[in-house]
2 protein chains.
Amino acid sequence: MKSFNEISEIITSEIEKLDWTMQPSGLYEPIAYTLSMGGKRIRPALTLMACNLYTDEIQQAIAPALGIEVFHNFTLLHDDIMDRADIRRGRPTVHKRWDDNTAILSGDVMQIAAYQLIAQTPVDCLKPVLDLFSATAREICEGQQYDVDFEAIDNVSADDYLEMIRLKTAVLLACALKAGALIGGANTADANELYNFGINLGLAFQLKDDLLDVYGDEATFGKKIGGDILCNKKTYLLIHALKLAKGADFEELSNCLKKSYEQPDMKIAQVTKMYNKLKVKKICEDKMMFYFDMAVANLEKLQLDTTKKHELKKLAEKLLSRND
Amino acid sequence: MKSFNEISEIITSEIEKLDWTMQPSGLYEPIAYTLSMGGKRIRPALTLMACNLYTDEIQQAIAPALGIEVFHNFTLLHDDIMDRADIRRGRPTVHKRWDDNTAILSGDVMQIAAYQLIAQTPVDCLKPVLDLFSATAREICEGQQYDVDFEAIDNVSADDYLEMIRLKTAVLLACALKAGALIGGANTADANELYNFGINLGLAFQLKDDLLDVYGDEATFGKKIGGDILCNKKTYLLIHALKLAKGADFEELSNCLKKSYEQPDMKIAQVTKMYNKLKVKKICEDKMMFYFDMAVANLEKLQLDTTKKHELKKLAEKLLSRND
């Protein structure tokens, strides 16, 4: 069994080997740029780790693992146009550095390139991996659409929100794991258990992201603290705060959301103060731990030696105690 | 052998059967809308016709044929955003009827849906059809990028232009034919010959489109005559006109391209007059017929009875004598 760090090194080196020097450069340079921005590369690592649970021959899972990472970066590229986000990982986004049309078309090619990598899955499990990938890709678009729709809806429930982040974030982690398991030769029960592990890990991971946006450290988080608060994003924290706030508290919180602030930091401070008063941080942390425990239970059900599952459990712990 | 009309009826009915009623509707309604706009459905018809050359079992080629048509409509949807085109086939485009974000995301899902249909190719030829489709899809994006790039370049040559339309238009016709042939059980030589037939037909088809834009009849053409002239699009006609015009003619033509007209019809009339004087219509028609003859030669090389090839030849003739 390789460690997460060993797997990460393989992924980093394989992503660097991908060739984007072809013509027309106006189409391919933004792809190289996007992939050079880095990121945690968790999804392709999950594919190789899941594969590695069942075989030492993880080479065969590298292309599909990269396909999943290229697809993930494609969704960020198109989401950044839709969200008018100018900065990602400290650098200008593609639509900002080039323009919207470039970002649309380069994204389209990235999606095709992702499929070309997925198509390199060993032929005996090409069809199930391809179908899993396409179904997942569609769900991610559905999640993005719900995310957009929720901006205009006042009464988004916690369950609506959890379903949205399941689609937008969790299913790709789940797909990455199940694809790796299938390629590694896992039985159906284990492959599905790893899928569910990915769903629970993904939900916990996104709740951690919501927490970091408010309670993270700007220097290590890599983006501005309070971004979700400034755009009134209906996160798990805000949904619960709106539900719990009564009387004067509700008035104050509603006012914070409606008011236009000259100093954005003031809005962040006021909303955070209300979150603290209403103790929604703990509600979010508890839910995160609920999903973490579910994920660990999924791991326990795998028909494998306990030692083999250790790396995945360690990774889950690391992701949920992270500061960035 | 089924006729083109019989095949067209199958395609129309199968496209209507595709279900886009799922949630979130904001994502799927624009797809249903796009596909309800109609169009000639030539590409899926070519897949079924090519398959039908080798087998009566054309049912197995229907899903991939639809995948190619869904992909084609996806490219139109995203191209319309990039070109800021407000009208297609007499109706508002998706980004106009909804908005840019909707058009981007619905387009992304269409591309995935196209792959889901391609993935229904019989498993014994799934891998070659999938690889052919992905390579083609990338070439189409490259063609679109060259088309955008050419807007800012003065010295686009006739060869540059032909390569651009090969990528943007011809390869998908070629892919449609080759995929159908592979599914039908054609040998490699025939499958490649049909691919080349598609390339030559596609080039002739696009040159016909260039001609119709200037010399077509508005009522039957379905879009405004002179659209290419108004946006100074470097078509085969304009590239040759700029090459052939000398002295005062060159000055006049260059002026027409630079000047801003209060009455657009005046610009169309003046450029068309210059095209007539320089006889570029005949140059374009000759090139179109050159590719048509090449396409017919491709058909002749197929290892099949002459009667079987008749429907494809008739279709090629019909496409190149069309008024819309």
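Residues numbered from 1 in each chain as written. Chains lettered and ligands numbered in written order. Predicted model: local features only at pLDDT ≥ 70, side-chain atom pairs only at ≥ 80, totals over all residues.

Some points on the overall build of chain A
Secondary structure summary: chain A contains 16 helices and two strands in total. Relative to the globule expectation of 20 Å for 324 residues, the C-alpha radius of gyration of chain A, 20 Å, shows essentially globular dimensions. Its C-alpha atoms give chain A principal-axis dimensions of about 60 × 50 × 30 Å. With 324 residues in all, chain A has 47% of them scored as buried. (Helix = DSSP H or I, 4+ residues; strand = E, 2+ residues; numbered from the N terminus. Rg over C-alpha atoms; globule rule 2.2 N^0.38 Å. Buried ≥ 20, exposed ≤ 12 C-beta atoms within 10 Å, placed from the backbone.)

Concerning the relation of the copies chain A and chain B
Under the fitted operation, chain A is carried onto chain B by 0.0 Å of movement along the axis and a turn of 180°, and the coordinates agree to an RMSD of 0.0 Å. The transformation relating the two chain copies, once decomposed into turn and shift, fits a two-fold axis. (Least-squares fit on C-alpha atoms with pLDDT ≥ 70 in both.)

Quick word on the nonpolar core
Ranked by size, the top nonpolar core spans 199 residues in total, and within it Leu177(A), Ala181(A), Leu177(B) and Ala181(B) carry the most contacts. Taken together, domain 1 (1-186) and domain 2 (203-302) of chain A each give at least three residues to this core, which thus spans both. Apart from residues no more than four positions distant in its own chain, Leu177(A) is found in contact with Leu46(A), Ala50(A), Leu194(A), Tyr195(A), Phe197(A) and Gly198(A). (Core = buried A, V, L, I, M, F, W, Y, C linked by C-beta atoms within 7 Å. Domains from an automatic or database assignment. Contact = placed C-beta atoms within 7 Å.)

Overview of the interface of chain A and chain B
Across the contact, 31 residues belong to chain A and 31 residues belong to chain B. Examining the composition of the side of chain A that touches chain B, we find that 14 residues originate from one element, helix H7 (residues 126-151) of chain A, more than from any other. Taken together, the residues of the side of chain A that touches chain B break down into 17 nonpolar, eight polar and six charged. (Nonpolar A, V, L, I, M, F, W, Y, C, P; charged D, E, K, R; others polar.)

Some details on the environment of Asp99(B)
Summarising the element assignment, Asp99(B) is placed in the loop between helix H5 (94-97) and helix H6 (100-118). Counting along the chain gives 18 residues from Asp99(B) to Ile81(B), while the straight-line C-alpha distance between them is 9.2 Å.

Side note on the packing of helix H6 (residues 100-118) of chain A against H6(B)
Axis separation between H6(A) and H6(B) bottoms out at 11 Å; the angle between their running directions is 25°. For the element pair H6(A) / H6(B), the angle class is roughly parallel. As for how H6(A) packs across H6(B), the hand of that crossing is right-handed. On H6(B), the residues touching Ile104(A), Asp108(A), Gln111(A) and Tyr115(A) of H6(A) are Ile104(B), Asp108(B), Gln111(B) and Tyr115(B). (Axes fitted to C-alpha atoms, helices over the stretch in contact; angles between N-to-C directions. Parallel < 35°, antiparallel > 145°, perpendicular 65-115°, else oblique. Left-handed = near helix turned anticlockwise from the far one by under 90°.)

Concerning the environment of Asp228(A)
Residue and element names in this part refer to chain A. With respect to the element layout, Asp 228 can be found in helix H11 (residues 227-230). A count of 19 C-beta atoms within 10 Å places Asp 228 in the partly exposed class. In this structure the C-alpha to C-alpha distance between Asp 228 and Val 214, which are 14 residues apart in sequence, comes to 7.9 Å. Excluding residues that lie within four positions of it along the chain, Asp 228 makes contacts with Asp 210, Asp 213, Lys 233 and Thr 235.

Considering unusual backbone geometry
All names here are of chain A. The step from Gln 23 to Pro 24 runs through a cis peptide bond, and the omega angle for that step is -5°. Here Pro 24 lies in the loop between helix H1 (4-17) and helix H2 (25-36). Its identity is not glycine, yet Arg 41 carries a phi of approximately 55°, on the positive side. Mapping Arg 41 onto the fold places it in the loop between H2 and helix H3 (42-52). Overall, the presence of 19 C-beta atoms within 10 Å leaves Arg 41 in the partly exposed class.

Description of the environment of Gln111(B)
Note that Gln111(B) resides in helix H6. Among the residues examined, Gln111(B) registers 22 C-beta atoms within 10 Å and is labelled buried. Along the sequence, Gln111(B) and Phe71(B) sit 40 residues apart, while their C-alpha atoms lie 5.7 Å from each other. Apart from the residues within four sequence positions on either side, Gln111(B) is in contact with Asp108(A), Gln111(A), Phe71(B) and Phe74(B).

Observations regarding the domain arrangement of chain A
Residue and element names in this part refer to chain A. Assigned domains within chain A: domain 1 (1-186) and domain 2 (203-302). In this structure, domain 1 and domain 2 have C-alpha centres spaced 26 Å apart. Opposite the eleven residues of domain 1 that make contact, domain 2 presents eight residues.

Quick look at H3(A)
Where burial is concerned, most of H3(A) is hidden: eleven out of the eleven residues are buried. As for H3(A), its buried residues are in contact with H1, helix H4 (62-82), helix H8 (158-184), helix H9 (188-215) and helix H16 (306-320) of chain A.

A look at the confidence of the model for chain A
Across chain A, the average pLDDT comes to 95, with 99% of residues at or above 70. Confidence metrics for the complex model read pTM 0.96 and ipTM 0.96. (pLDDT = per-residue confidence, 0-100.)

Here we look at helix H16 (residues 306-320) of chain B
Residues and elements named next belong to chain B. For H16, with 15 residues, the first-to-last C-alpha span of 21 Å sits near the 21 Å given by 1.5 Å per residue. Those residues of H16 lying buried are Glu 311, Leu 312 and Ala 316. Elements that come into contact with the buried residues of H16 comprise helix H1 (4-17), helix H3 (42-52), helix H9 (188-215) and helix H15 (280-301). (Expected span 1.5 Å × (residues − 1).)

Some remarks on the packing of helix H15 (residues 280-301) of chain A against H16(A)
All names here are of chain A. In the contact formed by H15 and H16, the axes pass within 10 Å of each other and the chain directions differ by 170°. The pairing of H15 with H16 is recorded here as roughly antiparallel in orientation. Two secondary-structure elements touch here, H15 through Met 288, Phe 292, Ala 295, Val 296 and Leu 299 and H16 through Lys 309, Leu 312, Lys 313, Ala 316 and Leu 320. Of the residues belonging to the contact of H15 with H16, the class tally is eight nonpolar, no polar and two charged.

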